[in-house]
Amino acid sequence: MGILIRHGEIVTALERTRADVYIQDGRIVAIGEKLDAHPGDTVIDATGQLVFPGGIDVHTHLDMPFMGAFSTDDFETGTIAAAIGGTTGVIDFVMPERGEPLMSALDTWHKKARGKAAFDYAFHMAVTHYSEAVGAELPKVVEAGITSFKTFMAYKGAIGIDDEGLFAVMRKTRDLGALVTVHAENAEVIDTYVKELVAEGKVHPRYHALSRPAAAEAEATHRAIALANIADRSVYIVHLTCDEALHHVQHAQAHGHPVMAETCPQYLLLDDSRYEEPDFGGAKYVMSPPLRKPKDNEALWKALAQGAIQTVATDHCPFNFAVEKQKGRDNFAKIPNGAPGIENRLGLLYTYGVLPGRISLQRFVEIFATNPAKIFGLYPRKGTIAVGCDADLVVFDPTIKGRISAKTHHQRVDYNPFEGFETVGAPTHVLVNGRVVVEGGKFVGEPGSGRYLSRTPLTAGQKQAVLAGV
Ligand code: URP
Ligand code: ZN
Ligand code: ZN
């Protein structure tokens, strides 16, 4: 039995076409005008609607132990919320504990995801400590289908690694064809400021932002790019937040260096005035890097439109305000860092990016689905709409109006940083591997049906095409 999506407008990064899409056995098998339905097929009437490839969120932390707490969405609740919001694939971070072998942590993450995820998923491997033994494990990680590594220049003494470790990861993964991604903030600066501020009794959430200035992110971004250049590597900067750091990315790109960057809706739409919310409300926005200034929001939108930033992910890392965030009531440095967002990426990008003309509809598809798939080795199986692709699709009604609220969202967390934001447009149907999993805003799929996506390194040609095309 197939599914026919009829009368919609298909939007990919390359084109907009009025055509029907026919799906069978999990894949798109035909695209064309006036396709016929067969007896027993499901027909979705997409008149007046847009059909996008399902979104891919390449930066999530599901069920992750961090700063004495666990992120509150697991692979079931997190992927269900994501699917309702039009995302049909995630790449989550495997986070080894200090001293734990990488492959043991991978085993833990497989157990977290298997039987729970509502759509397909892949993993990045975080290198949270570096040693010869870790170096020796890197090829095994790639063989296990993980072709991207994550390094944290921040979080000194916890999950962060120093320059020696970062440089070693960059060099050791070069022959493996794996991509290195970097959380870029200067750990020493942050550590110094945190100690000083806390000693002075400056413990309000606003000091989280003051302890991690934009210049500390810019410095680390510059250093990560410089180390990548020395190691003759490409590098992907995660959750870039500010004009100063962006400047280094643009400078490198202008000189032909293969540098890519991601940002997140919170850095496009929120600013550091949020830290002044009363009653410890600023803790809701304690994430790293912190929220910046309105001028940074605007610089990031421009960079997205112009191509300097290639992806928008969420860095979904939810902690309840009433529970986990309270750990830092007397000390901002103890507030678990992170905020939710996995459900709202499409709604926010469409409403605040496409509708006011900050980005085109096709650029939206590119940063939401296509570039994430290309950069991280899932393309063309995922991230676009073409015959032979997995049928991960969003049928989107651009007229549905909504308002984001923790009262109605599906993320397992007691607040939403975008509370009260109006949205225009929403998915009426979301398909995962050829099955309808969301209908009319309700999840109707099967948790646990998601599969692990084992990735292979890009060939030299594919890599060149990615860097030229994103
Ligand atoms: O504050 C954040 N971003 N928490 C999650 C860990 C990270 O740095 O990505
Ligand atoms: Zn980070
Ligand atoms: Zn993160």
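Since the model is a prediction, treat every value here as computed from it, not as a measurement.

Surrounding ligand 1, one finds 13 residues, the nearest of these being Tyr155, His183, Ser288, Asp315 and Asn337. Between ligand 1 and tyrosine 155, the relevant distance is 2.6 Å, taken from an oxygen atom to a side-chain nitrogen or oxygen of the residue. Serine 288 has a polar backbone atom sitting 2.7 Å from an oxygen atom of ligand 1. When isolated, ligand 1 has an accessible area of 260 Å², and the protein chains bury 100% of it. Here the residues of the shell around ligand 1 are counted per class, giving five nonpolar, seven polar and one charged.

A separate point is helix H5 (residues 187–199). Compared with an ideal rise of 1.5 Å per residue, which puts 13 residues at 18 Å, H5 spans 18 Å between its outermost C-alpha atoms and is within 8% of the ideal. Along H5, the residues classified as buried are Ala187, Ile190, Val194 and Leu197. All buried residues of H5 lie within an arc of 105 degrees about the axis, which places them on one face of the element. Facing away from the buried surface of H5 by more than 90 degrees, the exposed residues are Lys195 and Ala199. Packed against the buried residues of H5 are helix H6 (206–210).

What follows concerns the pairing of strand E18 (residues 393–403). Across four bridges, strand E7 (residues 50–53) lies against E18 in antiparallel orientation. For leucine 50, the partnering residue across the bridge sits in E18 and is phenylalanine 396. Bridge analysis of E18 against strand E19 (residues 422–432) gives eight bridges, and the strand direction is antiparallel. Opposite leucine 393, over in E19, you have leucine 431 as the bridge partner.

Let us look at the environment of glycine 40. Note on placement: glycine 40 falls in the loop between strand E5 (27–32) and strand E6 (42–45). Sequence separation of glycine 40 and threonine 151 is 111 residues, and the distance between their C-alpha atoms is 50 Å.

Parameters at a glance
- Residues numbered from 1 in each chain as written.
- Chains lettered and ligands numbered in written order.
- Predicted model: local features only at pLDDT ≥ 70, side-chain atom pairs only at ≥ 80, totals over all residues.
- Heavy atoms only, no water.
- Near = heavy atom within 4 Å.
- Polar contact = N/O pair within 3.5 Å; in protein donor to acceptor, adjacent residues only side chain to side chain.
- Areas by Shrake-Rupley, 256 points an atom, 1.4 Å probe, with all protein chains shown as cover.
- Nonpolar A, V, L, I, M, F, W, Y, C, P; charged D, E, K, R; others polar.
- Helix = DSSP H or I, 4+ residues; strand = E, 2+ residues; numbered from the N terminus.
- Expected span 1.5 Å × (residues − 1).
- Buried < 20%, exposed > 50% of the residue type's maximum accessible area, 1.4 Å probe, protein only.
- Arc of directions from axis to C-beta.
- Contact = heavy atoms within 4.5 Å.
- Pairing = 2+ DSSP bridges.

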